[in-house]
Amino acid sequence: MTKKSPSASPDFSVREFFQRFATEQDCLDHIMAVRFGGTRFECQTCGKDSTHHKLAERRTYVCAACGHHVNPTAGTVLEKTRTPLVSWFYAMYLFCTTRHGVSGKELQRQLGVTYKTAYRIGQQIRDLMSKAQGFDALLSGHIELDEAYVGGRRSGKRGRGAAGKTIVMGLAERNGRMKAVVIPNVKKDTLRSVVLANVEPGATVSTDELYSYGLLTGDGYSHGAVKHGRKEYAFYDYQRDETFHVNTVEGFWKLFKASVRSTHVQISGKHMQRYLDEFTFRASNRHRVNGMFDLLVGAL
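Worth saying up front: this structure is predicted, and the values here are computed from it rather than measured.

Student: Where do I start with the overall build of the protein in this structure?
Tutor: Along its length, the protein carries 10 helices and 11 strands. Projected onto the principal axes, the alpha-carbon positions of the protein cover approximately 70 × 40 × 35 Å. Sorting the 300 residues of the protein into buried and exposed places 46% on the buried side. Sequence separation of 24 or more characterises 57% of the internal contacts of the protein that already satisfy a separation of 6 or more. Taken as a whole, the protein presents about 15500 Å² of accessible surface, with 49% of it coming from carbon and sulfur. Averaging the coordinates of the 43 positive side-chain charges in the protein and doing the same for the 29 negative ones gives two points 8 Å apart.

As structure tokens, this is what we get:
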């Protein structure tokens, strides 16, 4: 019987985290377990199923059959880091267990490193989340679409047309995965390209009443639009036996904007996609919260 990973436990508390990953060796062993299945596996050089032993004072394991060296952190963001692996693991743990994200200043306080180091670690973990998320398969089933305007320092009217803001578009499967992308505008061609690139043909799609979404029926999607201007937030279509609303993706934007205002204070348009990938990674894996950690380790 395969032993269940401690990081997959529903009770993966902070106390248990530090019991499990108290030393550099604990972290290396876990990376070996996630990336290679443990310390016994088929050697790439000799082809034998052999045990790999850890070298003292080095992040290297050696094949018992031929002496081939395996560095579990080679080719990853951890390869040349001088920050202890325990600190990296704890930073990843924080990113997996928060709802509002982790700021660079918070990482600085928690890890006891410089702000420059904390900021770099945070951005690299966000890149790992983007890599771990993986969107080879198109979104399917019933998809909610909604655009939002985020950030901006200048005053201006709210919503569409607000000054100095980054335009983003969210796509959410009902009870499933989520994706969000930065877009240049809300014109029909722009929205159409995002939908065609990410949503399975023939899927059911919910949107608000934005005119640009009128393209969806012509592209073969079953489209329903809620009319927020008339105070309509959901409706049931008896003929298609579907309830149309965009409450899921609107709830995501509410959480994301609250994080921008409170946790991060300001996010530039240049880095917005990284933060979107961070939040959609958590949203897509919300039903297996404690498995997120191993997903990140596997993406190293």
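There is more to say after this.
Student: Help me out: how do you make sense of the nonpolar core in this one?
Tutor: Soluble globular proteins: nonpolar side chains tend toward being buried together. Ranked by size, the top nonpolar core spans 37 residues in total, and within it Phe17, Phe89, Met92, Leu107, Ile125, Phe293 and Leu296 carry the most contacts. Of all the secondary structure elements, the ones that give two or more residues to this core are helix H2 (24-36), helix H3 (85-97), helix H4 (104-111), helix H5 (115-133) and helix H10 (292-298). By residue number, the principal contributor to this core is H3, which donates 11 residues. Dropping the residues within four chain positions of it, Phe17 is found in contact with Phe12, Val86, Phe89, Tyr90, Tyr93 and Phe293. Of all hydrophobic cores here, the second largest spans 21 residues; its members include Tyr149, Ile167, Leu171 and Leu216.

Student: Would you take a moment to explain H5 for this structure?
Tutor: Since the α-helix turns once every 3.6 residues, residues separated by three or four places project in the same direction. Spanning 19 residues, H5 covers 27 Å between terminal C-alpha atoms, matching the ideal 27 Å at 1.5 Å per step. By the burial criterion, the buried members of H5 are Thr117, Ala118, Ile121, Gly122, Gln123, Ile125, Arg126, Leu128, Met129 and Gln133. For H5, the elements touching its buried residues are H3, H4, strand E7 (178-182), helix H8 (247-264), helix H9 (272-284) and H10.

Student: Before we go on, may I ask you to explain the side chain of Asp237 in this structure?
Tutor: Assignment of secondary structure puts Asp237 in strand E10 (residues 235-237). Within the structure, Asp237 has its side chain in polar contact with the backbone nitrogen of Gln239 (distance 3.0 Å). Once you skip the residues sitting within four places of it in the chain, Asp237 turns out to touch Glu242 and Phe244.

Student: Any chance you could explain the layout of surface pockets here in plain terms?
Tutor: Sizing a probe to match a water molecule and rolling it over the atoms shows the empty space that remains. The space that makes up the second largest pocket amounts to roughly 350 Å³. Forming the walls of the second largest pocket are 19 residues, and the residues nearest its centre are Arg99, Leu255, Arg282, Ala283 and Arg286. Elements with a minimum of two residues in the lining of the second largest pocket: H3, strand E6 (166-173), H8 and H9. In terms of residue class, the lining of the second largest pocket is built from 9 nonpolar, 5 polar and 5 charged.

Student: Mind showing me how you'd approach the packing of H5 against H9 here?
Tutor: Geometry of a packed helix pair, given as the angle between the helix axes and the separation of the axes. As a packed pair, H5 and H9 sit with axes 8 Å apart at the nearest point and diverge in direction by 55°. When the axes of H5 and H9 are compared, the pair comes out oblique. Considering the relative orientation of H5 and H9, their crossing is left-handed. In this structure, H5 uses Tyr119, Gln123, Arg126, Asp127, Met129, Ser130, Ala132 and Gln133 to contact H9, whose residues at the interface are Arg274, Tyr275, Asp277, Glu278, Thr280, Phe281, Arg282 and Ser284.

Student: Looking at this structure, how should I read the packing of aromatic side chains?
Tutor: The geometry of an aromatic ring pair comes down to the distance between the two centres and the angle between the two planes. By the definition in use, this model includes 18 aromatic pairs. When the ring of Phe89 is compared with that of Phe293, the centres are 5.4 Å apart and the planes differ by 75°; the resulting orientation is edge-to-face. Taken together, the residues Phe89 in helix H3 and Phe293 in helix H10 connect sequence positions 204 residues apart. You'll find Phe89 and Phe293 in the same group, each marked buried. An aromatic cluster of at least three residues, connected via ring pairs, comprises Phe17, Phe18, Phe21, Phe89, Tyr90, Tyr93 and Phe293.

Criteria and cut-off values
- Residues numbered from 1 in each chain as written.
- Predicted model: local features only at pLDDT ≥ 70, side-chain atom pairs only at ≥ 80, totals over all residues.
- Heavy atoms only, no water.
- Helix = DSSP H or I, 4+ residues; strand = E, 2+ residues; numbered from the N terminus.
- Buried < 20%, exposed > 50% of the residue type's maximum accessible area, 1.4 Å probe, protein only.
- Contact = heavy atoms within 4.5 Å.
- Areas by Shrake-Rupley, 256 points an atom, 1.4 Å probe, with all protein chains shown as cover.
- Lys, Arg positive; Asp, Glu negative; His and termini not counted.
- Charge placed at Lys NZ, Arg CZ, Asp CG, Glu CD.
- Core = buried A, V, L, I, M, F, W, Y, C linked by side-chain atoms within 4.5 Å.
- Expected span 1.5 Å × (residues − 1).
- Polar contact = N/O pair within 3.5 Å; in protein donor to acceptor, adjacent residues only side chain to side chain.
- 1 Å grid on protein atoms, 1.4 Å probe; cavity = no way out; pocket = protein on both sides within 12 Å on 5 of 7 lines; lining within 4 Å.
- Points joined across faces, edges and corners; volume = space filled by probe spheres on them.
- Nonpolar A, V, L, I, M, F, W, Y, C, P; charged D, E, K, R; others polar.
- Axes fitted to C-alpha atoms, helices over the stretch in contact; angles between N-to-C directions.
- Parallel < 35°, antiparallel > 145°, perpendicular 65-115°, else oblique.
- Left-handed = near helix turned anticlockwise from the far one by under 90°.
- Phe/Tyr/Trp six-rings, centres within 6.5 Å; stacked < 30°, edge-to-face > 60°.

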